[in-house]
Structure formats: C-alpha cells, structure tokens
Amino acid sequence: MIQPLAYIHPQAKIADNVVIEPFVTIHKDVEIGEGSWIGSNSVIMDGARIGKNCRIFPGAVVSAPPQDLKYKGEASTVTIGDNTVIRECVTLNRGTALDKNTTTIGENCLLMAYTHVAHDCVIGNNVIIANAVQLAGHINVYDYAFIGGTSAVHQFVEIGAHAMISGGSLVRKDVPPFTKAGREPLSYIGINSVGLRRRGFSAETINEIQEIYRIIFLKKYNITKALDIIEAQFNPTVERDEIINFVQNSQRGIMKGFGAV
C-alpha cells in the first residue's frame, strides 16, 4: 500500500491500510488514520493528524509552519477529521502558541484545489470551500457552510452554520448562520433556503429564519433594537437562539443589509 518511491519517516504513525503514492513526503510527527489515500507529490509535515478515509490529492501541503512572524517554531498541529477531501495544491498551516496551537478541519469536508487555510482556523463538519479560497488566520467556519471560489476571508472572521458565500467575495465582516452573502461590499442577499431544505429544515423553520433576518437586515433597526424585537416577537427555538448568540457575540460586526451604508 506504500509505494517505494515515497519517503516516510520511520517514526510516523501510519495505519496499515493507508495508500501512499509515489513521491509523497511524510515527516516524523505525523499520524494518518486507516483507509486514507495520500496522492503523489503531496507533503505531510510535522504536526499533521489525519483521520480515517481522508483523501489528500497531489501537490497538497498539510501542516506547514504558519506564515506568521509571531510564530517561533513551537510544536503545533493540523487536525483533519474523517472522510475529508483535500484537493490539489491545498495548503494547510498549523496553529500557533499565541492562539489555539492547532488548525482544525472537521469531518466530511471538501477543500477544493488551491485553497489556503492559515494558522489557528477552525473549520466545522460538512463544510465546502471552493477553488482558490484564501482563509487568513484565526477564522471560524461553522458546520455546512459553503464558500464560493476565489473568495478571500479576513482574519478573525466568523462564518455561521449553513451560510453560503458567493464566489469572488471579499469577506471582511462576520456572516451570520443560514444566510446567503454576495455583492461588494459583502451584503445580505437572503437566506440559504435551498440548502436548508436539502438538510431537512421544515418550511415553518425556514420562514421563521427569514422573518428574523428581515428584522435584522431590512427594517433599518440598529442591531440592539433588532435583537430586542426578535426576542419579544419570536418564541425560543434552536435557530432563533443561534442567530441571536452569533450576532451578539460578533467581534468584527456582521455584514450589512443590501443597500445599507
């Protein structure tokens, strides 16, 4: 299962049924779970923790040192969850001691070709990141989010669960859960109703989410007033509370409503 032209450090921990193609380089402090496939010319560096049934395509570099001048060579990691696919020439940088000390990619994710994930990012489960997306450091992307190709995301930004960001976006502000984001500057353009239906959300829940975001983005209230109205008018639900908590805890501020100054 391991081609003779691959280089694997003798202390790397590789499960028995991992397939490693020719010209792969695997460093010392590496763990790869069973059923994974490592494509030709990929480099798996110290600190990589790769789960089961992952697929790492040619040219990918996993767990390279951070591109951060504050990084001083401390041991840190990149963790990739089970069943995740890392396509060609993706670069994943490990964490730093000044933050999480790890970069985390969840389970069942797809990172398409030329994506970059910088130090201390946390990517949830079932996330899709399209070609050539660039994530700066310290970004959180929650479950089932989708980021369109060639988008660039500012450091410390948060992208909520089930959010969908159009291709070519410059993401400077937080994107709340269940929304669609597009245009320049990045703005609210509706909720991700198609994605929510595909994941089993009821019509009633989708309608409630839409009404909540009308108050936040379309009624010209400030955020504090909008949240007060939502808490008064809507009974507590998982989705309502997730939206409120996300907006209240946003450090960079959330994206604007379309047409907002």
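Definitions and limits used
- Residues numbered from 1 in each chain as written.
- Predicted model: local features only at pLDDT ≥ 70, side-chain atom pairs only at ≥ 80, totals over all residues.
- Heavy atoms only, no water.
- Helix = DSSP H or I, 4+ residues; strand = E, 2+ residues; numbered from the N terminus.
- Rg over C-alpha atoms; globule rule 2.2 N^0.38 Å.
- Buried < 20%, exposed > 50% of the residue type's maximum accessible area, 1.4 Å probe, protein only.
- UniProt positions renumbered as here; feature names shortened; annotations may be inferred.
- Domains from an automatic or database assignment.
- Pairing = 2+ DSSP bridges.
- Contact = heavy atoms within 4.5 Å.
- Axes fitted to C-alpha atoms, helices over the stretch in contact; angles between N-to-C directions.
- Core = buried A, V, L, I, M, F, W, Y, C linked by side-chain atoms within 4.5 Å.
- Phe/Tyr/Trp six-rings, centres within 6.5 Å; stacked < 30°, edge-to-face > 60°.
- Salt bridge = Lys/Arg side-chain N within 4 Å of Asp/Glu carboxyl O.

If you look the protein up in an unreviewed UniProt entry, it shows as Acyl-ACP--UDP-N-acetylglucosamine O-acyltransferase from Mucilaginibacter conchicola.

J.: Sorry, what's going on with the overall build of the protein here?
T.: A tally of regular secondary structure across the protein gives four helices and 28 strands. Against the 2.2 N^0.38 benchmark of 18 Å for 261 residues, the protein shows a C-alpha radius of gyration of 20 Å, consistent with a compact globule. Seen through its principal axes, the protein has C-alpha atoms that stretch 65 × 40 × 30 Å. Within the protein, the proportion of its 261 residues that are buried is 48%.

J.: I keep staring at the UniProt feature "domain: Mannose-1-phosphate guanyltransferase C-terminal" (unreviewed entry) in the protein and nothing clicks. Help me out?
T.: As recorded in UniProt, the sites labelled "domain: Mannose-1-phosphate guanyltransferase C-terminal" (unreviewed entry) are residues 3-56. Secondary structure across residues 3-56 divides into 0% helix and 37% strand, with the first and last C-alpha atoms of the span separated by 15 Å.

J.: Is there a simple way to explain the domain arrangement of the protein in this structure?
T.: By a widespread convention, an interface's size corresponds to the accessible area lost as its parts come together. With domains assigned, the protein is organised as domain 1 (7-138) and domain 2 (196-257). The centre of domain 1, based on its C-alpha atoms, is set 34 Å off from the matching centre of domain 2.

J.: What's the story with the sheet that holds strand β12 (residues 85-86) in this structure? I'm lost.
T.: Each strand in a sheet pairs with another by means of backbone hydrogen bonds, the pair being arranged parallel or else antiparallel. Spatially, the 11 strands line up as an open sheet ordered β3-β6-β9-β12-β15-β18-β21-β24-β26-β27-β28, and their pairing is mixed. Strands at the two margins of the open sheet, each flanked by one partner only, are β3 (19-20) and β28 (256-257). In this sheet, strand β26 (residues 179-182) lies alongside strand β24 (residues 164-165) in parallel orientation, the contact comprising two bridges. In the strand pairing of β26, Met164 is matched with Lys180. Against the sheet, helix α2 (residues 203-218) touches β26, β27 (187-191) and β28, its axis set at about 160° to β27.

J.: Looking at this structure, I do not really get the nonpolar core. What am I missing?
T.: Across soluble globular proteins, nonpolar side chains have a tendency to be buried as a group. Ranked by size, the top nonpolar core spans 67 residues in total, and within it Ile80, Leu92, Leu135, Ile159 and Ile216 carry the most contacts. Considering every element that reaches this core, the biggest residue donor is α2, with seven residues. Here this core spans two domains, and each of domain 1 (7-138) and domain 2 (196-257) adds at least three residues to it. With near-sequence residues (within four places) excluded, Ile159 lies in contact with Asn140, Val141, Tyr142, Ala145, Ile147, Val153, Ile165, Val175 and Phe246.

J.: I'm lost on the packing of aromatic side chains in this one. Help?
T.: How two aromatic rings sit relative to each other is given by the distance of their centres and the angle of their planes. One pass over the full model with this rule turns up six aromatic pairs. A ring pair is formed by Trp37 and Phe57, whose centres lie 5.1 Å apart and whose planes are at 70°; its orientation type is edge-to-face. Taken together, the residues span a long stretch of sequence, with Trp37 in strand β6 (residues 37-38) and Phe57 in the loop between β9 (55-56) and β10 (61-64) at a distance of 20 residues. Taking 6.0 Å as the distance between ring centres and 70° as the angle between the ring planes, the aromatic pair formed by Phe178 and Phe201 counts as edge-to-face. Here Phe178 is found in the loop between β25 (170-171) and β26, whereas its partner Phe201 is found in the loop between α1 (193-198) and α2, with 23 residues between them in sequence. Under the relative-accessibility criterion, Phe178 is labelled buried at 1%. Here Phe201 falls in the buried class, since its relative accessible area comes to 19%. Clustering of aromatic rings is evident, with ring pairs tying together Tyr188, Tyr213 and Phe217.

J.: How should the pattern of salt bridges be read in this particular structure?
T.: Two side chains of opposite charge can pair, provided their charged atoms sit close to one another. If you walk through the whole model with that rule in mind, you get eight salt bridges. The partner of Asp99 in a salt bridge is Lys100, and the shortest N-O contact between them spans 3.2 Å. By relative accessible area, which is 34% here, Lys100 ends up partly exposed. The salt bridge partner of Arg172 is Glu184, with a shortest N-O separation of 3.1 Å. Taken together, the residues Arg172 in the loop between β25 and β26 and Glu184 in the loop between β26 and β27 connect sequence positions 12 residues apart. Assessed through its relative accessible area of 38%, Arg172 is described here as partly exposed. Each of Asp29, Glu31 and Arg49 takes part in a single network of salt bridges with overlapping partners.

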